[in-house]
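What follows is the residue order along each chain.
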2 protein chains.
Amino acid sequence: MDFIKQPQEIENKSFEIIAPHLKNLNLSAEETKIYSRIIHAAGDVEYAPIIKISPDAISAAKNALQSGANIFTDVEMVRTGINKKVLKKFGGEVFCKVADDEIKKIAEREKITRSMAAMRNFGEKLNKSIIAIGNAPTALFEVLRLVEEENISPVVIIGVPVGFVGAADSKLKLAEQNKIPFITVEGTKGGSPIAVAAVNAILYL
Amino acid sequence: MDFIKQPQEIENKSFEIIAPHLKNLNLSAEETKIYSRIIHAAGDVEYAPIIKISPDAISAAKNALQSGANIFTDVEMVRTGINKKVLKKFGGEVFCKVADDEIKKIAEREKITRSMAAMRNFGEKLNKSIIAIGNAPTALFEVLRLVEEENISPVVIIGVPVGFVGAADSKLKLAEQNKIPFITVEGTKGGSPIAVAAVNAILYL
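What you see is a predicted model, and the numbers here were worked out from it, not measured in a lab. (Residues numbered from 1 in each chain as written. Chains lettered and ligands numbered in written order. Predicted model: local features only at pLDDT ≥ 70, side-chain atom pairs only at ≥ 80, totals over all residues. Heavy atoms only, no water.)

## Things to note about the sheet that holds strand β5 (residues 156–159) of chain B
All names here are of chain B.
Part 1 of the reasoning: Read across the open sheet, the six strands follow the order β1-β6-β5-β4-β2-β3; overall the sheet is mixed. In this open sheet, the two edge strands, each paired with only one partner strand, are β1 (51–53) and β3 (94–95).
Part 2 of the reasoning: Examined bridge by bridge, strand β2 (residues 71–73) and strand β4 (residues 130–133) share three bridges and lie parallel to one another. Across the sheet, the residue bridging to Thr73 is Ala132, located in β4.
Part 3 of the reasoning: Sitting on the sheet, helix α9 (residues 167–176) is in contact with β5 and β6 (182–185), with an inclination near 145° to β6. (Pairing = 2+ DSSP bridges. Helix = DSSP H or I, 4+ residues; strand = E, 2+ residues; numbered from the N terminus. Contact = heavy atoms within 4.5 Å. Axes fitted to C-alpha atoms, helices over the stretch in contact; angles between N-to-C directions.)

Written as structure tokens, this is what we have:
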């Protein structure tokens, strides 16, 4: 069987194939890296026109991460995928509470999702952090409520929850607010690999 | 903010939205569940026509898992997403070696990806197992080589690696062989959540 087996060669070849799909979008070099890694992770060039990055999001996230900011995720798959070796070198950590027993109890009592309960529970710890939501629209809605109603102030929200129930609405709400810089995608698509791709792309800048 | 916060309600509503996209595909009740969970995980109804399940794959995977078969994954994100509580009840475990130091050394020495080295290293342990590949085409190519050349015999291969370099080819090769039942998707799309969705859908049957 003849196929490319060397990881760096695979990534280079992949980014080469993706490049023509970005050429009409007037992206900066840093934006190009984030778009490429997202499209690479989804195997789907149709992400190109739906990715939305607010003007100050990349520099804010890069500066924060390189200064040791922590990352808070909605689900364990996002935590798993983030390159913690690089993050740790800068001084940061990844936190996710969705599987905690305490959170499970709160979620059951309040009839909300566990990832929503987890975000609420983090509360002020979200200040000066990077938030990466790859799965649950409810977690993104809750973060936006914390920003609006409780003056919680993360550095950047990477919000790419997925699905047909609330995902598009929660991401539209994220893109329409102007307090917190953001990275998102329009519509129903998204997911853990998309959140991971965005975070790791910034870690590698 | 008004949005659905209750997990079961979210899933039910999502599957309702997906149903019309499946109605012309003549799916069995079990196939419908797997298709629905994959489309739900991707937020992308365009998966409907590209999912391919060999006739005996679902019953074989269900019987094996319910009898305590183990699952081998290419990447940690797939291991993370699989419902290990349900799997453990049946007696099975999930294994992934991609992050092992030993595997890293082999991969560097042989100039192959770590997930490919990990599959080769599992070798005969893959007999009677379920293999779930969500990320790396090289891992799927290696499993198919093990089946062909070394008579390794997993029960079912869930092969949905993603991307522009080898993914489509490796999945085509999986769909064209007839030794091992399989679940796959055509083309460049795929990813860890797709592999996880297929595994968990079968665990919940």
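## Focus: the sheet that holds strand β5 (residues 156–159) of chain A
Strand pairing in a sheet relies on backbone hydrogen bonds. The paired strands run either parallel or antiparallel.
All names here are of chain A.
Part 1 of the reasoning: Ordered in space as β1-β6-β5-β4-β2-β3, the six strands form an open sheet in which the pairing is mixed. Each edge of the sheet is formed by a strand with only one pairing partner; in this case those strands are β1 (51–53) and β3 (94–95).
Part 2 of the reasoning: With three bridges connecting them, β5 and strand β6 (residues 182–185) associate as parallel partners. Each bridged residue has a counterpart across the sheet, and for Ile158 the counterpart in β6 is Ile183.
Part 3 of the reasoning: The strands that helix α7 (residues 114–122) touches are β2 (71–73), β3 and β4 (130–133); relative to β2, the one it contacts most, it runs at about 150°.
Part 4 of the reasoning: Across the face of the sheet, helix α8 (residues 137–150) comes into contact with β4 and β5 while running at roughly 160° to β5.

## Side note on a positive patch on the surface
Part 1 of the reasoning: A grouping of Lys85(A), Lys89(A), Lys104(B) and Arg114(B) is seen on the molecular surface, where their side chains present a positively charged patch.
Part 2 of the reasoning: When you line up the elements, Lys104(B) lands in helix α6 (residues 101–110). (Patch = residues over 30% accessible without salt bridge, like charges linked within 9 Å, V, L, I, M, F, W, Y side chains within 5 Å. Areas by Shrake-Rupley, 256 points an atom, 1.4 Å probe, with all protein chains shown as cover. Salt bridge = Lys/Arg side-chain N within 4 Å of Asp/Glu carboxyl O. Lys, Arg positive; Asp, Glu negative; His and termini not counted. Charge placed at Lys NZ, Arg CZ, Asp CG, Glu CD.)

## Looking at unusual backbone geometry
All names here are of chain B.
Part 1 of the reasoning: Although it is not a glycine, Asn26 sits at a positive phi angle of roughly 55°.
Part 2 of the reasoning: Among the secondary structure elements, Asn26 is positioned in the loop between α1 (7–18) and α2 (29–42).
Part 3 of the reasoning: Positive phi outside glycine occurs at Lys128, with the angle close to 65°.

## Examining the relation of the copies chain A and chain B
Part 1 of the reasoning: Overlay of chain A on chain B (RMSD 0.0 Å): rotation 180°, translation along the axis 0.0 Å. On the angle and the small slide along the axis, the relation comes out as a two-fold axis. By C-alpha distance to the rotation axis, the residue of chain A lying nearest is Met77(A), at 2.6 Å.
Part 2 of the reasoning: Mapped onto chain B, 100% of the interface residues of chain A again fall at the interface, so both copies present the same surface. (Least-squares fit on C-alpha atoms with pLDDT ≥ 70 in both.)

## Some remarks on the environment of Lys171(B)
Residue and element names in this part refer to chain B.
Part 1 of the reasoning: Along the chain, Lys171 falls in helix α9.
Part 2 of the reasoning: Taking C-alpha positions, Lys171 is 30 Å from Asn12, a pair spaced 159 residues apart along the chain.
Part 3 of the reasoning: Among all residues touching Lys171, those that are not within four sequence positions of it are Leu140, Gly159, Val160, Pro161, Thr184, Val185, Glu186, Gly187, Thr188 and Lys189.
Part 4 of the reasoning: Within the structure, Lys171 has its side chain in polar contact with the backbone oxygen of Gly187 (distance 2.7 Å). (Polar contact = N/O pair within 3.5 Å; in protein donor to acceptor, adjacent residues only side chain to side chain.)

## Observations concerning the interface of chain A and chain B
Part 1 of the reasoning: Contact with chain A, which involves 44 residues of that partner, is made by 44 residues of chain B.
Part 2 of the reasoning: Where chain A meets chain B, there are zero salt bridges.
Part 3 of the reasoning: Along the contact surface separating chain A from chain B lie five residue pairs in polar contact (both at pLDDT 80 or more).
Part 4 of the reasoning: Of all elements in the fold, only α1 (7–18), α2 (29–42), α4 (76–81), α8 and α10 (192–203) of chain A reach the threshold of two or more residues within the side of chain A that touches chain B.

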